[in-house]
Amino acid sequence: MKVLVVNCGSSSLKYQLIETTTSAVLAKGLVERIGLGEAEYSFTHGERPKVKVGIQSKNHTEALREVLGKLVSEPYGVLSSLEEIEAIGHRVVHGGESFYHSALITDEVIKAIEANGELAPLHNPPNLQGILACREVLPNKKQVAVFDTAFHQSMPEYSSMYALPYEYYEKYKIRRYGFHGTSHRYVAMKTAEFLGKPLENLHLITCHLGNGSSITAIAGGKSRDTSMGFTPLEGVVMGTRSGSLDPAVLLYIMEKENLTPRHMSDLLNKKSGILGLSGISHDMREIHDAVEKGHSRAKLTLEVLVHSVRKYIGAYMVELGRVDAVVFTAGIGENDWVVREMCMARMENWGFVLDKEKNRTTRGTLAEISTFSSPSKILVVPTNEELMIALETQWVLEEKE
Ligand code: AMP
C-alpha cells in the first residue's frame, strides 16, 4: 500500500511516501517557514539528488498542494496520479486518554485531537492543521492519526499517576502519558523479528536516546512504564531538556531569579540537559570531542547522562522481573558506542555481557552487541517512525489493530 506519511509542525510540513509492502521510501521532503514569507522546500524524490527551492505557501494547505504537485509532475514526479496514494498517516503527538491505538480520522476523532490540544499546545494544533489540509485537498482519501502517546496507554495506573492531590488529575488530567510511543513500538517489533520470538513472550527495555530521549519497559509488547511523563521533559537527561529533577528546584530558581513560568519552561526545555550542564553543545559528538581534549564538564555531562539512563534500566529490570533484551535506538543509541558501553558497564551479574568489539563497530545498523553466551541480549535497532506510521495506517484500514 502506498501511504503518504505527514508530520506537521507550526511552520513546517514533513512527509514521506512509503510503499508498505517493501518499506521503500518513494519520496520524502520538508517544507519549512510556512506562513513566514518565502517558504523553503527541500525534497528527495526517487533516486534523484536532493532539491531545494523557495515557494510561496501562506499555510499548510498551500504547502500540501505544492508537495502533491511535485509528486505527480515532471521532472520530480514519482506517481502517475494522486489516485496512487492509498491512504494518509499523520503523526499526532498527544492522544490523551482518548486513544489507545491509532485511529481512522472522523469528525469525532478530530474533536478529540482538538480537545487534547490543551495537553500539547505546541504540537496538536499544527498536527490538526495537517489533517484538515489533507481533508481539503484530498477529500476522498482515508486518513489515520498515529499518536506518540497511544502505545503507553497500557501503563498500569501505578506507573501513570503522580502522587499529587487527586483533584488535579480529575480537573486537568495531570498524569504520566509518555511519548516516542511509535518508536518504542517499532523497535520492539523489530527486536522480536530479529530474535525470532513472538513479541508477546518478550520483556524488553527500549532506550530511545536522541535529542529527546525516553526509556520504556515493555512486557509482552505492551508498555508497562516509560520515563517521559505529563510532558516530554521528565526522565533521562536530554539534548536541551533537564529530565527529572527535584521539583523544589524550580520553585527555588523562580524565586531567586524572579522568573515567570514561561521563562522557567524555557530554561528547563531549551537551556538545560547536555547543553546546559556542559556549556558546550546539545550534540553528543561535540561532547565527546571536548572530553578528548580534557574538558572536565563535558566528562561530567557524559557521566550524568549515563547515570540517568542506568537508573531507569535498573528500575525497569526490577519492574519487569526478567529482561530478554536492552535495545538502543535513535541518534545517540544507534551511533554512540561510548554511551552504550558506559550504560551497560558492570551489568554482567544481571545477565548482560557486552561484546565491546561488536559494540565499537556498530553504527546505525541492526545488530546484537552482547556476547554470544550473554544470557540477556543487548541490541542496536535503528528506529523508523515514518515506516511505523505507514504500517499502522495500513493496519487500521485493514482493521488489524
Ligand atoms: P535524533 O534526535 O534521534 O535525531 O538524535 C540526534 C542526536 O544524536 C544528536 O544531537 C547527537 O547528539 C546524536 N548523534 C548523532 N550521531 C551521532 C554520533 N555519530 N555519535 C554520537 N552522537 C550522535
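Located above this text is the structure these notes cover.
Residues numbered from 1 in each chain as written. Predicted model: local features only at pLDDT ≥ 70, side-chain atom pairs only at ≥ 80, totals over all residues. Heavy atoms only, no water.

A. View of unusual backbone geometry. Glu74 connects to Pro75 through a cis peptide bond whose omega is 5°. Following the sequence through the fold, Pro75 ends up in the loop between α1 (60–72) and β6 (87–92). Positive phi, close to 60°, is recorded for Lys173, a residue that is not glycine. (Helix = DSSP H or I, 4+ residues; strand = E, 2+ residues; numbered from the N terminus.)

B. Just the packing of helix α2 (residues 107–115) against helix α3 (residues 124–137), in detail. The geometry of α2 relative to α3 is characterised by a closest axis approach of 10 Å and an angle of 160° between their N-to-C directions. The angle between α2 and α3 falls in the class roughly antiparallel. The hand of the α2/α3 crossing is left-handed. Together, Asp107, Ile110, Ile113 and Glu114 of α2 and Asn124, Leu128, Ile131, Leu132 and Arg135 of α3 make up the contact between the two elements. In terms of residue class, the contact of α2 with α3 is built from 5 nonpolar, 1 polar and 3 charged. (Axes fitted to C-alpha atoms, helices over the stretch in contact; angles between N-to-C directions. Parallel < 35°, antiparallel > 145°, perpendicular 65-115°, else oblique. Left-handed = near helix turned anticlockwise from the far one by under 90°. Contact = heavy atoms within 4.5 Å. Nonpolar A, V, L, I, M, F, W, Y, C, P; charged D, E, K, R; others polar.)

C. Quick peek at the sheet that holds β6. Strand order in the open sheet formed by 8 strands is β5-β4-β3-β2-β1-β6-β8-β7, and the pairing between neighbours is mixed. If you trace the sheet from one side to the other, it starts and ends with β5 (51–56) and β7 (103–104), each paired once. Pairing of strand β1 (residues 2–9) with β6, which is carried by 4 bridges, proceeds in the parallel orientation. Note on β6: the bridge partner recorded for Val3 is Ala87. Taken strand by strand, α1 contacts β1, β2 (12–19), β3 (24–32), β4 (38–45) and β5, and its axis lies near 35° from that of β2. (Pairing = 2+ DSSP bridges.)

D. Molecular detail of the site of the ligand. As a structural note, the neighbourhood of the ligand is formed by Gly210, Asn211, Asp283, Met284, Arg285, Ala330, Gly331, Ile332, Asn335 and Asp336. Residue Met284 places a main-chain N or O atom 2.8 Å away from an oxygen atom belonging to the ligand. Between the ligand and the protein, one listed contact pairs a nitrogen atom with a side-chain N or O atom of Arg285 at 3.4 Å. Coverage of the ligand by the protein amounts to 74% of the 500 Å² it exposes when considered alone. (Near = heavy atom within 4 Å. Polar contact = N/O pair within 3.5 Å; in protein donor to acceptor, adjacent residues only side chain to side chain. Areas by Shrake-Rupley, 256 points an atom, 1.4 Å probe, with all protein chains shown as cover.)

E. Local environment of the pairing of β2. Where burial is concerned, most of β2 is hidden: 6 out of the 8 residues are buried. Here β1 pairs with β2 via 8 bridges, running antiparallel. Residue pairing for β2: Asn7 is matched across the bridge by Lys14. Bridge analysis of β2 against β3 gives 7 bridges, and the strand direction is antiparallel. The partner of Lys14 across the bridge, within β3, is Leu30. Between β2 and β3, which follow one another and run antiparallel, lie 4 residues, and Ser23 among them has a positive phi close to 65°. (Buried < 20%, exposed > 50% of the residue type's maximum accessible area, 1.4 Å probe, protein only.)

F. Focus on the pattern of salt bridges. Within this structure, the stated rule accounts for 21 salt bridges. A salt bridge links Glu19 to Lys2; the shortest N-O distance between them is 3.7 Å. Of the two residues, Glu19 sits in strand β2 while Lys2 sits in strand β1, which places them 17 residues apart along the sequence. Both residues of the pair, Glu19 and Lys2, count as buried. Taking the shortest distance from any N to any O, the salt bridge between Glu62 and Lys58 comes out at 3.4 Å. Look at the salt bridges and you will find they share partners, linking Lys2, Glu19 and Glu84 into a network. (Salt bridge = Lys/Arg side-chain N within 4 Å of Asp/Glu carboxyl O.)

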